[in-house]
Amino acid sequence: MVVLSVPAEVTVILLDIEGTTTPLAFVKDTLFPYIKENVKEYLQTHWEEEECQQDVSLLRKQAEEDSHLDGAVPIPAASGNGVDDRQHMIQAVVDNVYWQMSLDRKTTALKQLQGHMWRAAFTAGLMKAEFFEDVVPAVRKWREAGMKVYIYSSGSVEAQKLLFGHSTEGDILELFDGHFDTKIGHKVESESYRKIANSIGCSTNNILFLTDVTLEASAAEEAEVHVAVVVRPGNAGLTDDEKTYYSLITSFSELYLPAST
Ligand SMILES: CSCCC(=O)C(=O)COP(=O)(O)O
Ligand SMILES: [Mg+2]
């Protein structure tokens, strides 16, 4: 087995979700189809609620920022024309969500709505989040060794908590010291990692970030965060240069914590 030694200065392990703790297939075949199949009905049912209106406002603001992009779908403001107006707006939101999802966009607006929609599915037991089998034992071991373990995903913090709270391994939320999402900044921007370190109260070089996406690894590394790229079944392939440059692991069990032995 390949072993990757964790630098002694690392006290925090920061984990991505999709493609790192969780199979890409669970996201693509379960989480995302649920949104596509239910978004229209969800909007019809919850339209009058404040939370739903906040989600729509955020999506509308995002749509304005996206207006220069090819295929972007605008979301009109209410014109006061009653039921037709509402149906028109709902259809625009649905089309916008479909368009964003077709590009796998990680906007805070899209992720916030998705998180709110998954809440019903997880709490009703319709879905249980999946984790690779090495994840929970490794996280327990790291915590026993005194490491802090945080999550940083494009999925909203609310959605992250749903996943870890309703998983095939049971409620494992307590295994994590905290959660970050795109509200702190995008994962491909190095400033986000500086802000995360600041929020945790450590230096960036005290953090080891595990992700499947090399653009994220590169941004983290620019902020002097230690990184390892996680290679899991179903993940996007890496170039030869990326394979040579990055430390790669295929299982969390490949991480060796010198202080714990
Ligand atoms: C609570 S994560 C749900 C999956 C998701 O929406 C997503 O964007 C995952 O992105 P990640 O940053 O974890 O790769
Ligand atoms: Mg990922």
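Residues numbered from 1 in each chain as written. Chains lettered and ligands numbered in written order. Predicted model: local features only at pLDDT ≥ 70, side-chain atom pairs only at ≥ 80, totals over all residues. Heavy atoms only, no water.

Named according to an unreviewed UniProt entry, the protein chain is Enolase-phosphatase E1 originating from Loxodonta africana. Taken verbatim from the UniProt record of the protein chain, the Function (unreviewed entry) comment is "Bifunctional enzyme that catalyzes the enolization of 2,3-diketo-5-methylthiopentyl-1-phosphate (DK-MTP-1-P) into the intermediate 2-hydroxy-3-keto-5-methylthiopentenyl-1-phosphate (HK-MTPenyl-1-P), which is then dephosphorylated to form the acireductone 1,2-dihydroxy-3-keto-5-methylthiopentene (DHK-MTPene)." Heading Sequence similarities (unreviewed entry) of the UniProt record for the protein chain holds this comment: "Belongs to the HAD-like hydrolase superfamily. MasA/MtnC family." (UniProt positions renumbered as here; feature names shortened; annotations may be inferred.)

Draft legend 1. Region of the structure containing the coordination of the magnesium ion (ligand 2). At 2.2 to 2.7 Å from the magnesium ion (ligand 2) lie its protein donor atoms, namely Asp-16 (OD), Asp-16 (OD), Glu-18 (O) and Asp-212 (OD). All donors of the magnesium ion (ligand 2) belong to a single chain; written as a sequence motif, their spacing is D-x1-E-x193-D. In this pair, Asp-16 is assigned in the loop between strand S2 (12-15) and helix H1 (24-46) and Asp-212 in the loop between strand S5 (207-211) and helix H8 (214-222), connecting sequence segments 196 residues apart. In this structure Asp-16 comes out as buried when scored by relative accessible area, which is 3%. Classification of Asp-212 by relative accessible area gives buried; the value is 13%. (Donors = N, O, S within 2.8 Å, 3.2 Å for Na, K, Ca; no water. Helix = DSSP H or I, 4+ residues; strand = E, 2+ residues; numbered from the N terminus. Buried < 20%, exposed > 50% of the residue type's maximum accessible area, 1.4 Å probe, protein only.)

Draft legend 2. Main features of the UniProt feature "binding site: substrate" (unreviewed entry) in the protein chain. Following the UniProt record, one finds the feature "binding site: substrate" (unreviewed entry) at Ser-153, Ser-154 and Lys-187. Judged by maximum C-alpha separation, these annotated positions cover 35 residues in sequence but sit close together in space, the widest gap being only 7.7 Å. As for the annotated residues, the ones lining the largest pocket are Ser-153, Ser-154 and Lys-187. Along the polypeptide, Ser-153 turns up in the loop between strand S3 (148-152) and helix H6 (157-165). On the basis of relative accessible area, Ser-153 is assigned to the buried category, the value being 8%. Setting aside residues no more than four positions away along its own chain, Ser-153 makes contact with Ile-17, Gln-160, Phe-180, Asp-181, Thr-182 and Lys-187. Among the polar contacts listed, one links the side chain of Ser-153 to the backbone nitrogen of Gly-155, at a separation of 2.9 Å. (1 Å grid on protein atoms, 1.4 Å probe; cavity = no way out; pocket = protein on both sides within 12 Å on 5 of 7 lines; lining within 4 Å. Contact = heavy atoms within 4.5 Å. Polar contact = N/O pair within 3.5 Å; in protein donor to acceptor, adjacent residues only side chain to side chain.)

Draft legend 3. Structural view of the pairing of S5. With five of five residues buried, S5 is to be regarded as a mostly interior element. Of the two faces of S5, both are covered, the one formed by Ile-207, Phe-209 and Thr-211 as well as the one formed by Leu-208 and Leu-210. Sheet topology note: the S2/S5 ladder contains four bridges and is parallel. By the bridge assignment, Leu-14 is partnered in S5 with Phe-209. As defined by bridge partners, S5 adjoins strand S6 (residues 226-230) across four bridges and the pair is classed as parallel. By the bridge assignment for S6, Leu-210 is matched with Ala-228. (Pairing = 2+ DSSP bridges.)

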